[in-house]
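Chain by chain, the residues:
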Amino acid sequence: MKYQLAIIGGGPAGYTAAEAAGKAGLSVVLFEKNSLGGVCLNEGCIPTKTLLYSAKVYDYAKHAGKYAVTVPEASFDLAKIVVRKQKVVRKLVLGIKAKLTAHQVNIVNGEASIIDAHTIQCGEDTYECENLLLCTGSETFIPPIPGVAEVDYWTHRNALDNKELPASLVIVGGGVIGMEFASFFCSMGTQVTVIEMMDEILGGMDKELSAMLRADYAKKGIKFLLSTKVTALSKSEGGTVVSYENAEGTGSVEAEKLLLSVGRRPVTQGFGLENLGLELTERRCIKVDEHLQSSVPGVYVCGDLNGVSLLAHTAVREAEVAVHHILGKQDAMSYRAIPGIVYTNPEIASVGASEESLQKDNISYSAIKLPMAYSGRFVAENEGVNGVCKVLVADDGTLLGASMFGNPASELIVLAGMAIEDGKKLEDWKRYVFPHPTAGEIFREF
Ligand SMILES: Cc1cc2nc3c(=O)[nH]c(=O)nc-3n(C[C@H](O)[C@H](O)[C@H](O)COP(=O)(O)OP(=O)(O)OC[C@H]3O[C@@H](n4cnc5c(N)ncnc54)[C@H](O)[C@@H]3O)c2cc1C
């Protein structure tokens, strides 16, 4: 069995590459040991957003009175919410399968193992390939906290499939995944505590806007413990006791459930990666060039596995660039404008440089902030809710970074991302006609 491209991993990187290469006429084999769609479709981006949408609808129903609409008593059925989530996932996975099949991709369900850069083993069969694309993704990192092996903790998988609402939940890790689950369970009525080692939640996002989001959720009832290190975990009658220490001393929180979400690590073991002898970076990640090609010609590494960004949209773009390189087309990966989104309610989004990174690199900039209330549509649809849009601009007016707190930040941030990627100046937004009234018009106001 000889192919022009063999792909290990059927997540966003793998299926995007397979579709693009198949469409271009390459013979492609894709190995997936679990379910097509990878973490993103099966246990990440899509299932979380499906649950969060139910929470949003419930929030709207609870607060309908703000818009002079009467909803007698809003309620929900968590088991049915989870079933709906599974239905959404199934539909999208089938869609991916149909697309790949239409482009003659040979999908092999099984665990692939690398023999060398041109030979893959899966089950009893051996496959030969001209090019090899590795995209085995990442897995949840379980921190070695004393007691972790003795307690029953949740990872995101358990939280997604849980059908009974816990009365209380401690989330260790206030990053994007932690905050999205905090938002979901807080909306549904669980008493949530978030413990974060750093001095602010959502490391990597704009600090000022992250603090606004935290203040908003603190008002809604979430308890935050920042600059706090979890020191031990133990079982109790009521669930789990989480012991911690911070500048004020030591303490503990007890909750019915515990969710660990302190980060993810690339999957590098168990599939013969060592047989390739790929060069690593200083951070011990696989080294790739701007075409996502590793130190071994013809071997490409995309998505979470290369450890650069750990986001599905980055994985998709990287996969396209890698396939273009295989096809001999001009293209190169740019990480200048990768959006980062937190799908809480309200959402928060950032793209491009942050104030912290500009200060660290000694780059002169000015930060300009506007309230989202400059947009009529935002005011019409966000009764009693504040929002902010902030841009970071170089001395010559070139846009360097942007952040937004308010709905629908996830849909709008790409306007800033495109401007940053193309090296546009603030005044360039004024040359475009924005539909009115839309929240995105805020960008024309700068
Ligand atoms: C709870 C959660 C929420 C998230 N939300 C978002 C979000 O909103 N937006 C966003 O951009 N990102 C989000 N992410 C991150 C996103 O899921 C990942 O960045 C994305 O899935 C990475 O894609 P990938 O193709 O690199 O790998 P993956 O999606 O991890 O896919 C890798 C695939 O490789 C397969 N595989 C591994 N080894 C082998 C082998 N030896 N043989 C055959 N198959 C193998 C695995 O089974 C898996 O299906 C979220 C992640 C989590 C956990």
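Residues numbered from 1 in each chain as written. Predicted model: local features only at pLDDT ≥ 70, side-chain atom pairs only at ≥ 80, totals over all residues.

Colleague: What's the story with the domain arrangement of the protein in this structure? I'm lost.
Modeller: Size of an interface, as often reported, equals the accessible area lost when the parts are brought together. Domain assignment breaks the protein into domain 1 (2–140 + 265–327), domain 2 (148–262) and domain 3 (340–445). Placing the centre of domain 2 and that of domain 3 at their C-alpha centroids yields a distance of 29 Å. Residue-level contacts link 13 residues of domain 2 with 14 residues of domain 3. Elements represented by at least two residues in the side of domain 2 that touches domain 3 include exactly α6 (176–188) and α7 (207–219). Of the residues forming the side of domain 2 that touches domain 3, the biggest block, five residues, is contributed by α7. (Domains from an automatic or database assignment. Contact = placed C-beta atoms within 7 Å. Helix = DSSP H or I, 4+ residues; strand = E, 2+ residues; numbered from the N terminus.)

Colleague: Explanation requested: the sheet that holds strand β18 (residues 348–352) in the structure shown.
Modeller: The strands that make up a sheet pair up through hydrogen bonds in the backbone, lying either parallel or antiparallel. What the five strands build is an open sheet, ordered β17-β18-β21-β20-β19; its pairing is antiparallel. Only two strands of the sheet have a single neighbouring strand rather than two, namely β17 (340–342) and β19 (365–371). With strand direction ignored, the average angle separating the axes of adjacent strands in the sheet is 10°. In the sheet, strand β20 (residues 388–394) pairs with strand β21 (residues 399–405) via six bridges, with the strands oriented antiparallel. Its bridge partner being in β21, Val391 is matched across the sheet by Ala402. Helix-sheet contacts for α7 involve β18, β20 and β21, and the interaxial angle to β21 is about 5°. Together, β17, β18 and β21 form the strand contacts of helix α11 (residues 409–421), whose direction differs from that of β21 by roughly 175°. (Pairing = 2+ DSSP bridges. Axes fitted to C-alpha atoms, helices over the stretch in contact; angles between N-to-C directions.)

Colleague: Please explain the sheet that holds strand β8 (residues 168–172) as it appears in this structure.
Modeller: Pairing is parallel across the open sheet formed by four strands, whose spatial order is β10-β9-β8-β14. The strands lining the two open edges of the sheet, one partner per strand, are β10 (223–225) and β14 (257–260). On average, adjacent strands in this sheet sit at an angle of 15° to one another, irrespective of strand direction. Across the sheet, α6 touches β8, β9 (191–195) and β14, and the angle it forms with β9 is around 165°.

Colleague: How should I be thinking about the packing of helix α1 (residues 12–23) against helix α8 (residues 312–327) in this particular structure?
Modeller: Any two packed helices are characterised by the angle at which their axes cross and by the distance between the axes. Interhelical geometry of α1 versus α8 gives an angle of 35° and a closest axis separation of 8 Å. Between α1 and α8 the crossing geometry is right-handed. Here Pro12, Ala13, Thr16, Ala17, Ala20 and Ala21 of α1 lie close against α8, whose contacting residues are Ala312, Ala315, Val316, Glu318, Ala319, Glu320, Ala322, Val323 and Ile326. Grouping the amino acids of the contact of α1 with α8 by side-chain chemistry returns twelve nonpolar, one polar and two charged. (Left-handed = near helix turned anticlockwise from the far one by under 90°. Nonpolar A, V, L, I, M, F, W, Y, C, P; charged D, E, K, R; others polar.)

Colleague: Teacher, can you tell me more about the site of the ligand here?
Modeller: Within the structure, the ligand sits among 35 residues, and Gly9, Gly11, Gly38, Gly137 and Gly303 are positioned closest to it. Elements with a minimum of two residues in the shell around the ligand: α1, β2 (28–32), α2 (38–43), α3 (45–62) and α8. (Near = placed C-beta within 6 Å.)

Colleague: Honestly, the nonpolar core in this entry has me stumped. Any pointers?
Modeller: Among soluble globular proteins, nonpolar side chains are generally buried collectively. Among the nonpolar cores identified, the biggest contains 65 residues, and Ile171, Ala182 and Ile413 are the most heavily contacted of them. Examining the composition of this core, we find that eight residues originate from one element, α6, more than from any other. (Core = buried A, V, L, I, M, F, W, Y, C linked by C-beta atoms within 7 Å. Buried ≥ 20, exposed ≤ 12 C-beta atoms within 10 Å, placed from the backbone.)

Colleague: What am I meant to see in helix α4 (residues 78–102) here?
Modeller: Because an α-helix completes one turn every 3.6 residues, residues spaced three or four positions apart along the sequence face the same direction. Along its 25 residues, α4 runs 36 Å from first to last C-alpha, staying within 8% of the 36 Å computed at 1.5 Å per residue. Residues of α4 that are buried include every one of Lys85, Ile96 and Leu100, and no others. Buried-residue contacts for α4 involve α1, β2, α3, β3 (106–109) and α5 (156–161). At the C-terminal side of α4, Gln104 shows a positive phi close to 60°. (Expected span 1.5 Å × (residues − 1).)

Colleague: Any chance you could explain the pairing of strand β13 (residues 249–255) here in plain terms?
Modeller: Here strand β12 (residues 239–246) runs beside β13; their pairing, made up of seven bridges, is antiparallel. Bridge pairing links Thr240 to Ala255 in β13. In textbook terms, the turn of a hairpin is the stretch between consecutive antiparallel strands, and for β12 and β13 this stretch comprises two residues.

Colleague: Mind showing me how you'd approach α8 here?
Modeller: With 16 residues, α8 should cover 22 Å at 1.5 Å per step; its first-to-last C-alpha distance of 23 Å lies within 8% of that length. Of all 16 residues making up α8, 13 are buried, and the element is well covered by its neighbours. With its phi angle positive at about 80°, Gly328 sits one or two positions after the end of α8.

Colleague: When you look at unusual backbone geometry in this model, what are you seeing that I'm missing?
Modeller: Comment: phi is negative for the bulk of residues other than glycine, and the bulk of peptide bonds are trans. With an omega of 10°, the peptide bond running from Asn345 to Pro346 counts as cis. Going from Asn407 to Pro408, the amide bond is cis rather than trans, its omega being -5°. With a phi close to 60°, Leu202 is a non-glycine residue in the positive phi region. Here the phi dihedral of Ser227 falls at roughly 45°; this positive angle occurs in a residue that is not glycine. One can find Ser227 in the loop between β10 and β11 (229–236). Take Ser227: there are 12 C-beta atoms within 10 Å of it, and that puts it in the exposed class.

Colleague: Whenever I open this one, the environment of Cys40 confuses me. Can you help?
Modeller: Inspection of the secondary structure assignment puts Cys40 in helix α2. Placed 49 residues apart in sequence, Cys40 and Val89 show a C-alpha to C-alpha distance of 9.7 Å. When residues no more than four places from it in sequence are discounted, the contact partners of Cys40 are Gly11, Pro12, Cys45, Ile46 and Ala312.

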